[in-house]
Amino acid sequence: MAALSETHMPAGSRVRRTALIVLAVLAMLGLAFVGAIHYATRSVEARVLEALGPDSEVDAVTVGLHEVRLAGLRVKAPKGWPTDTALRAEEVVVTPKLKQLFSDRVEITEVRIHRAYLSALRPKGGGGLRLLPSVTERAKKDEGDGKRGVAVRAVRFENCTIDLYDATVPLEPQRVRIDDVTGSIEGVEVPDRGARTKIDLDGALKGPVHRGTVSVQGWVDVGRKSSELTIALRNVDLAMFEPYIFTRVKAGVESGTFSLDLKTTVRDNVLHAPGTLTISGLRLRASESPMEALASLPRKAGIGALADEQDRITVPFELEGSIDDPSFSIARGAAFQAGIALIKAFGLSIEGLIRALAIMLSGLGSGLGSAV
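Residues numbered from 1 in each chain as written. Predicted model: local features only at pLDDT ≥ 70, side-chain atom pairs only at ≥ 80, totals over all residues. Heavy atoms only, no water.

### Focus: the pattern of salt bridges
Thought 1: Under the definition given, this model contains 17 salt bridges.
Thought 2: The closest approach of N and O atoms between Asp 163 and Arg 175, which form a salt bridge, is 3.8 Å. Of the two residues, Asp 163 is situated in strand β6 (residues 149–166) and Arg 175 in strand β7 (residues 174–190); the sequence distance between them amounts to twelve residues.
Thought 3: The exposure class of Asp 163 is buried, given its relative accessible area of 0%.
Thought 4: A residue is classified by how much of its surface remains accessible, and Arg 175, at 43% relative accessible area, is partly exposed. (Salt bridge = Lys/Arg side-chain N within 4 Å of Asp/Glu carboxyl O. Helix = DSSP H or I, 4+ residues; strand = E, 2+ residues; numbered from the N terminus. Buried < 20%, exposed > 50% of the residue type's maximum accessible area, 1.4 Å probe, protein only.)

### Concerning the side chain of Ser 215
Thought 1: For Ser 215, the position within the fold is in strand β9 (residues 211–221).
Thought 2: Judged by its relative accessible area of 16%, Ser 215 falls in the buried class.

### Points about unusual backbone geometry
Apart from glycine, the bulk of residues carry a negative phi angle, and the bulk of peptide bonds sit in the trans form.
Thought 1: Non-glycine residue Arg 115 carries a positive phi angle of around 45°.
Thought 2: Among the structural elements, Arg 115 can be located in strand β4 (residues 105–122).
Thought 3: Backbone geometry places Asp 180, a non-glycine residue, at a positive phi of 50°.
Thought 4: Structurally, Asp 180 can be placed in strand β7.

### Some points on the pairing of strand β8 (residues 197–206)
Thought 1: Of the pairings in the sheet, the one linking β7 to β8 comprises six bridges and is antiparallel in character. Its bridge partner being in β8, Thr 182 is matched across the sheet by Asp 202.
Thought 2: Sheet topology places β8 next to β9; ten bridges connect them, and they run antiparallel. Across the sheet, Lys 198 pairs through a bridge with Trp 219, a residue of β9. (Pairing = 2+ DSSP bridges.)

### Observations concerning the nonpolar core
Thought 1: Core analysis: the biggest nonpolar cluster contains 82 residues, and Ile 113, Leu 164, Leu 233, Phe 241, Phe 258 and Leu 277 have the highest contact counts within it.
Thought 2: In terms of residues, this core owes the most to one element, helix α7 (residues 351–371), which gives ten residues. (Core = buried A, V, L, I, M, F, W, Y, C linked by side-chain atoms within 4.5 Å.)

Structure (structure tokens):
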């Protein structure tokens, strides 16, 4: 009878019934898909929080259909760090690639970091720059534990601040602050640390008079401790780097800026870096002591003798040595040997400035690639 009634059912009713069944099936499949994606996205949230470790704090985590948002993120700095915060971010947005969430290899399409603060340290004994030490040390331990691999296609920085602390400077660590950091890090593979990670970052060095700029571009290979980076600084106030310039005198910089072009190549942690330093309008601060003012006259004369008609001192150089050795050598062109020796004899140095900038800025690129 049921078959008979089905046969004699009007065509319009059969179509409506079939459509309802199809819609019900599609709805159930859709709910199952959304539930699966939500579960998989939750797993990304768990991996992120696990990676940050017990020293981290997050005000709120929001899991959407396509992304995970962390608001009020903070990673505490370890004991002995020059500040209490290793990383702080108003918002971090992680966007996973949906079709990879159920595989053995999670792929992150993009990580966007908004209004973040990051601190980095060059240890007192020298060596490379350290960033997020608790996170990077935990990551190294986890590499061989059989956990799912992760590929991060791009990390984008928006309006961030980075503090570079150099503990090799006497008395207290010298801080170099880079503001308005924007740019990207692309191609991070974990646990495959042999991949080349692209770096493209820009920022500002805000001095007492000028707003200088800095850019770091190139690639790093964390596993092989190798990199090739192009570093450029423009119109930076020399007064920000007094501890590197004055070695035996109590004078200071009254005015002056510098620009730096540097091409760094690191192979197995050994650095080779040809570059050019240009100092413009260098004037030393006048001393209140008559004896010190008198003693400063030869120093000012030596500086004046090196400057060109546009009041610029241009010094080409080459750095060579291990990143772990803070005293690696600087080679200079013969035409500049006498002038640089004269400045050095009066207690001034540009060698310390060149070394510090090369180590910290090349270390920043490598350190960020490693930390990500």
